[in-house]
Amino acid sequence: KAGVTQTPRYLIKTRGQQVTLSCSPISGHRSVSWYQQTPGQGLQFLFEYFSETQRNKGNFPGRFSGRQFSNSRSEMNVSTLELGDSALYLCASSLLGGQGYGYTFGSGTRLTVV
Amino acid sequence: DQQVKQNSPSLSVQEGRISILNCDYTNSMFDYFLWYKKYPAEGPTFLISISSIKDKNEDGRFTVFLNKSAKHLSLHIVPSQPGDSAVYFCALSTGNEKLTFGTGTRLTIIP
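The rules behind these values
- Residues numbered from 1 in each chain as written.
- Chains lettered and ligands numbered in written order.
- Predicted model: local features only at pLDDT ≥ 70, side-chain atom pairs only at ≥ 80, totals over all residues.
- Heavy atoms only, no water.
- Helix = DSSP H or I, 4+ residues; strand = E, 2+ residues; numbered from the N terminus.
- Rg over C-alpha atoms; globule rule 2.2 N^0.38 Å.
- Buried < 20%, exposed > 50% of the residue type's maximum accessible area, 1.4 Å probe, protein only.
- Contact = heavy atoms within 4.5 Å.
- Patch = residues over 30% accessible without salt bridge, like charges linked within 9 Å, V, L, I, M, F, W, Y side chains within 5 Å.
- Areas by Shrake-Rupley, 256 points an atom, 1.4 Å probe, with all protein chains shown as cover.
- Salt bridge = Lys/Arg side-chain N within 4 Å of Asp/Glu carboxyl O.
- Polar contact = N/O pair within 3.5 Å; in protein donor to acceptor, adjacent residues only side chain to side chain.
- Disulfide = S-S within 2.5 Å.

Help me out: how do you make sense of the overall build of chain B in this one?
Along the backbone of chain B there are zero helices and 11 strands. Element order for chain B, N to C, with α for helix and β for strand: β-β-β-β-β-β-β-β-β-β-β. Relative to the compact-globule value of 13 Å for 111 residues, chain B shows a C-alpha radius of gyration of 13 Å, a close match. Seen through its C-alpha atoms, chain B measures out along the principal axes to roughly 40 × 30 × 20 Å. The 111 residues of chain B split such that 44% are buried. Put simply, of all contacts in chain B between residues at least 6 apart along the chain, 53% involve residues at least 24 apart.

And the structure:
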């Protein structure tokens with residue numbers, strides 16, 4: 001079966017712009033989580049959606065937002081981009097979520113802010 | 001506030017020998033522990049997990065050990081193979097959807 005698909009794979013944006021990243025989960029998976037990976041920081045949890053509802057949120061400013069559609073596809077938006085937002089953004093899907101079990105990650109979107 | 005630490009950024013091990021990766025945590029509320037492996041340009045791949053009611057879980061060449069009193073988690077790979085060369089992350093959960101990851105250890109297996 002198809003894995004988790006993230007688009008685009010690479011993105012270059014200018015400071016102050018906004019960006020939208022997309023994640024298509026594995027078919028049948030209803031939980032989608034987003035993580036930011038930067039050098040030296042590991043992966044940091046952004047938020048998780050289940051059945052179009054945000055269930056959990058990490059410690060990121062309000063510039064970071066997301067949503068999930070009825071087909072479980074999810075988007076993440078970052079407004080007023082800063083240089084420090086340059087990172088690999090990873091999406092992970094799971095059947096039901098919870099306890100971090102059974103999450104499958106996509107290959108990520110590499111965002112560069114210049 | 002680094003709740004999860006992997007103190008060794010890198011580790012080199014001879015092929016066929018044992019690789020031991022370590023992870024320390026501070027929050028005693030963590031109750032589910034996972035290890036992920038990551039190759040360049042790919043997302044992390046789940047390897048093995050353990051719940052807080054156990055102290056050991058084995059899956060083929062991979063064994064995870066949990067020492068709750070020391071708040072220490074380790075992953076043993078034996079025997080190590082060249083394909084094991086990757087970045088390894090421990091990831092901890094308090095029972096909800098959020099995973100708290102360590103900063104990763106780059107493992108290099110020397111043929």
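Let's pick the thread back up.
For this particular structure, what's the right way to read a nonpolar patch on the surface?
All names here are of chain B. Taken together, the side chains of Ile18, Ile20 and Val78 present a nonpolar region at the surface, about 230 Å² in accessible area. Its place among the elements puts Ile18 in the loop between β2 (10-14) and β3 (19-25). For Ile18, a relative accessible area of 41% translates into the label partly exposed.

Can you help me understand the side chain of Ser19 of chain B in this one?
Assignment of secondary structure puts Ser19 of chain B in strand β3. Within the structure, the side chain of Ser19 of chain B is placed 2.6 Å from the side chain of Ser80 of chain B, a separation counted as a polar contact.

I would appreciate a short explanation of the state of the cysteines in the present structure.
Here, the word disulfide means a covalent bond between the sulfur atoms of two cysteines. Residue and element names in this part refer to chain A. All chains considered together, the criterion is met by two disulfides over all chains. Across the disulfide, Cys23 is cross-linked to Cys91 (sulfur-sulfur distance 1.7 Å). In this structure the cystine formed by Cys23 and Cys91 twists about its S-S bond by roughly -45°; its chirality is therefore left-handed. A residue pair is termed long-range when its members are at least 10 positions apart, and Cys23 in strand β3 (residues 19-24) and Cys91 in strand β9 (residues 87-94) qualify at 68 residues. The buried category is assigned to Cys23, whose relative accessible area is 0%.

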